[in-house]
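Chain by chain, the residues:
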Amino acid sequence: MAWLRAFPDVARHAVRRYLAQASHHVPRSSRMIHSTALRPKAAPVPRPVPLSRLTDSFLDGTSSVYLEELQRAWEADPDSVDESWDNFFRNFVGQAATSPGISGQTIQESMRLLLLVRAYQVNGHMKAKLDPLGLEEREVPADLDPAFYGFTEADLDREFFIGVWSMAGFLSDNRPVQTLRSILNRLEQAYCGSVGYEYMHIANREQCNWLRDKIETITPMMYNRERQEVILDRLIWSTQFENFLATKWVTAKRFGLEGGETLIPGMKEMFDRAADLGVESIVVGMPHRGRLNVLGNVFRKPLRQIFSEFSGSGTKAVDEVGLYTGTGDVKYHLGTSYDRPTRGGKRIHLSLVANPSHLEAVNPVVIGKTRGKQYYANDLDRTKNLAVLIHGDGSFAGQGVVYETFHLSALPNYTTGGTIHIVVNNQVAFTTDPKAGRSSQYCTDVAKALDAPIFHVNGDDMEAVVHVFELAAEWRQTFHKDVVVDIVCYRRFGHNEMDEPSFTQPKMYQVIRNHPSALQLYQNKLLESGHVTREYIGKIQNKVSSILNEEFNSSKDYVPKRRDWLSAYWAGFKSPEQISRIRNTGVKPEILKRVGEAITTLPEDFKPHKVLKRVFDDRAKMIQTGEGVDWALAEALAFATLLVEGNHVRLSGQDVERGTFSHRHAVIHDQQTGGVYCPLDHIMMNQNEEMFTVSNSSLSEFGVLGFELGYSMENPNSLVLWEGQFGDFANGAQVIFDQFLSSGESKWLRQTGLVMLLPHGYDGQGPEHSSARLERYLQMSDDNPYMIPEMDPTLRKQIQECNWQVVNVTTPANYFHVLRRQIHREFRKPLIVMAPKNLLRHPKCKSNLSEFDDAQGHPGFDKQGTRFKRLIKDRNDHSNLEEGIRRLVLCSGKVYYDLEEERKATDAKDVAICRVEQLCPFPYDLIQRELKRYPNAEIVWCQEEPMNMGAYNYISPRLCTAMKALGRGTMEDIKYAGRPPSASTATGFLSVHQQEQKELVQKAIQREPIKFPC
Ligand SMILES: Cc1ncc(C[n+]2csc(CCOP(=O)(O)OP(=O)(O)O)c2C)c(N)n1
Ligand SMILES: [Mg+2]
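Residues numbered from 1 in each chain as written. Chains lettered and ligands numbered in written order. Predicted model: local features only at pLDDT ≥ 70, side-chain atom pairs only at ≥ 80, totals over all residues. Heavy atoms only, no water.

As recorded in an unreviewed UniProt entry, the protein chain goes by 2-oxoglutarate dehydrogenase, mitochondrial and comes from Colocasia esculenta. The UniProt entry for the protein chain carries this comment under Catalytic activity (unreviewed entry): "N(6)-[(R)-lipoyl]-L-lysyl-[protein] + 2-oxoglutarate + H(+) = N(6)-[(R)-S(8)-succinyldihydrolipoyl]-L-lysyl-[protein] + CO2". A UniProt comment under Sequence similarities (unreviewed entry) is attached to the protein chain, and it reads "Belongs to the alpha-ketoglutarate dehydrogenase family." (UniProt positions renumbered as here; feature names shortened; annotations may be inferred.)

When helices and strands are tallied, the protein chain shows 31 helices and 26 strands. Expressed as a percentage of its 1014 residues, the buried residues of the protein chain come to 60%. Long-range pairs, those at least 24 residues apart, make up 80% of the contacts in the protein chain between residues at least 6 apart in sequence. (Helix = DSSP H or I, 4+ residues; strand = E, 2+ residues; numbered from the N terminus. Buried < 20%, exposed > 50% of the residue type's maximum accessible area, 1.4 Å probe, protein only. Contact = heavy atoms within 4.5 Å.)

Here we come to the coordination of the magnesium ion (ligand 2). The protein atoms donating to the magnesium ion (ligand 2) are Asp393 (OD), Asn426 (OD1) and Val428 (O), with metal-donor distances spanning 2.0 to 2.1 Å. Spacing between the donor residues of the magnesium ion (ligand 2) along the chain follows D-x32-N-x1-V. With respect to burial, asparagine 426 and valine 428 carry one shared label: buried. (Donors = N, O, S within 2.8 Å, 3.2 Å for Na, K, Ca; no water.)

Here we come to the pattern of salt bridges. Using the criterion set out here, one finds 52 salt bridges in the structure. Here arginine 979 and glutamate 996 are joined by a salt bridge, their closest N and O atoms 2.5 Å apart. Placement of the pair is arginine 979 in strand β26 (residues 974-979) and glutamate 996 in helix α31 (residues 990-1005), with a sequence separation of 17 residues. Taken together, the salt bridges that share partners define one network made up of Arg227, Arg234, Glu269, Asp272, Arg340, Arg343 and Glu470. (Salt bridge = Lys/Arg side-chain N within 4 Å of Asp/Glu carboxyl O.)

Structurally, glutamine 654 is set in the loop between β11 (648-653) and β12 (668-669). Aside from chain neighbours lying at most four places away, what touches glutamine 654 is Thr660, Ser697, Ser698, Leu699, Ser700, Glu701, Glu723 and Gln725.

Here we come to the sheet that holds strand β18 (residues 831-835). In a beta sheet, neighbouring strands are held together by backbone hydrogen bonds and run either parallel or antiparallel to one another. Judged by pairing direction, the sheet is mixed, and its seven strands sit side by side in the order β14-β11-β15-β16-β18-β17-β24 without closing on themselves. Whereas interior strands pair on both sides, the edge strands pair on one side only; in this sheet they are β14 (692-696) and β24 (918-920). Strand-to-strand, the axes of this sheet are offset by a mean angle of 20°, without reference to chain direction. In this structure, β11 lies alongside strand β15 (residues 718-723), joined through six bridges in parallel fashion. In the strand pairing of β15, arginine 650 is matched with valine 720. Docked against the sheet, helix α21 (residues 631-644) engages β11, β14, β15 and β16 (755-759), running at close to 140° with respect to β11. (Pairing = 2+ DSSP bridges. Axes fitted to C-alpha atoms, helices over the stretch in contact; angles between N-to-C directions.)

Written as structure tokens, this is what we have:
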């Protein structure tokens, strides 16, 4: 027999040592355990007692010692041990007393058999036949060999008892006596066939047992003929779809699924099963491989549309005249959504999230979107909305965001009740072999860290694939936890259709060339079983091929009628080419007062930290007096007013509840009970607790920002914010900024109003924690530096046409308005906020409540009401023409307060200082208004950042364009006051920082004209 293969010496010694140790621990007098050499075949068959009633510690190396101790305790007092142990000792000890030696032998044999069973449960997957190509070289672990436990060929037909207590399946306690041969057969079938189960790493006993029940069935799993016909039909569709594309578009890149076609029937069966179990909506994220097949066959996107888009490569999609179509993207990146009927007669909503080519980056986005759906569907137990992520083997193992996403899976404010992960494991990544691509045995090992079960399945075994997919859906709906299906398959052609795979994988491709397709194998199986006939198969093949041809013919005249770019909740939102009204963001004074009181009042019996008591008292005073509103209160007011208007607000990021700079205190902790109170949860009667969500996140940027982006895309009536601990850490999420936020609308016609709060400002804290790298966001903005767009307030579409907004706000009131503006408009744009640090407590950085309201005559109120100020003009209330001003200093952010102080100290009344609060899109109209106001002024851009950073390189060409249009000079006329160019963002020496800061501020205000560039 296979398992009686040569038994390495080392292993033999290990067994002997183990057995010797066991005997060493056993006192000679013990009746329970003694050294048991292999029992001769003729020995009496022991009485069946399910040893499984013992706890798991029975199986570890200390079990004999443990048993002895238990026995001693039982002998002293039978009630002192668990009932199951009491039964056990009664049976065994009683018997052993009359027939010495039998019980000890029984225990030893059963123990060894249990160890063998356990070895199959833990390591059986190592022997499973997972590789369709048969190239896998894996050493089978020694502990799967019965000889390892001392069993010989002679033991095969002896009966053993092994019934596992309260378990179903072939090891259940109602079938306790079995021959070793039958136990081994079933173990081999269950654990070493086409599926390799990894689940014994799961610590939870119930979950483990649930899986064990499903795996260790009394008879191997079988599908009936009806199911087989459906599966066959789906496999034919999957296979012929790829073949059809390959013949019609011979040279097009489509990243075909050939070699992994069983994915499609597997997924479909999984979706059907999920729908049967209550799932109504599935959000899917997937890479390039097989995407068109998934779209056509799983999503049921009309094939004519797929073919039409496929033919149209390189040309812009035809759409309704005059409507925005963006810059587009390659066809295997686009998202879509469909309602699809299921086998069980239900309908299931499917959305595929658009993704960039950065593999795995879409993962957290999908999870966030799913969580958003769950919020809006009031899916409290998270069983109606499911996330499914498809991965490649190379990217699953290699990309860190996979781990970051897994780590969100059980966090209360991020969980979606379990993601189903599918790995299309074609055993190669572009040209790289697994041995060069990962250090772990399986590409899925990361999932073990999160206690997810992993089902490896041979992609050539169609029914095994379907089985594990169904099991995955059942697991997710039962335990609300992640699960991984690893389809071990192959890639029949090159990485894409133009690639020659034999350059790098010659041996693999020799095998692949002669390897039958999964469809051929399944057809043969069904033909052999007599379940279907050749005619039947031929009929389906003809049907599929004629539909494909019909759809292909119709695709030639297919014109997309309706742009698919806004889902249900987004209906009515404006595209970048439609004019949207500019809205007032001020709030009625009485509402401000009312919500202000609600968010500054703590429950009477609540015992806050005494410092926080003061903070809340101060805030209450700000509301009462209407004066001195600080940053944190302004933010809370923005959130509160949006909430009372019925919007959902969600703020997440590292330590956001308290706030990195200990300023926010959105959640406060009772110092006696440890209980928490979140004032923003209590501004309305019976407020849904999740309506305002503030949540500390895991220590991830890429994963969490991606999650919040996905969340924000679900419903436009939610203000979703992500705060970086310090702005510089946002670079860990650069992919999300580059590939999704800055370009998502243009590529995929999907809007988001996500807000990124990135703490920024030069306080002498060294090279990190000073700069949020403002320059990067500005550099990625697509407003044309040399063209002034339409700036008339009623026609202005500048902000709609720009890819995102970047602001560096200097007053609490303006922060309040910029947050509210995100929701009070008919389109959505990402907003990047250079968030302050020292302004959070700066005595001058305060606003009066009158700047928040929309009362006529109050500051900020103009004919359109009170709004966000894109530019704050000089605070000295200058008239429309100030010929005596010798310099106009333009700046942004906190340096303004230093400039103001220097101006005061030097009594430089002839210097005007304007704050550019919105850097992008550039406020040409307001800049020009200020240029006109100061016709004789020298124009200076002042910033704290080094010259190659900050806003300078963004501002100068735009400022120059604005100046040129007014005849106010050229580039040379823009003077610079700031730090010189530098490799590092900031100095590490506080004294140097202070000196630099002093110099740049002095330079901006100095009497003499500024010499620049030298
Ligand atoms: C983050 C990232 N790095 C590199 C690439 C380039 N790239 C595209 S496909 C690919 C191989 C992917 O291998 P695998 O994940 O196994 O998927 P497969 O193509 O085999 O289905 C690579 C390296 C990419 N798209 N994204
Ligand atoms: Mg691969």
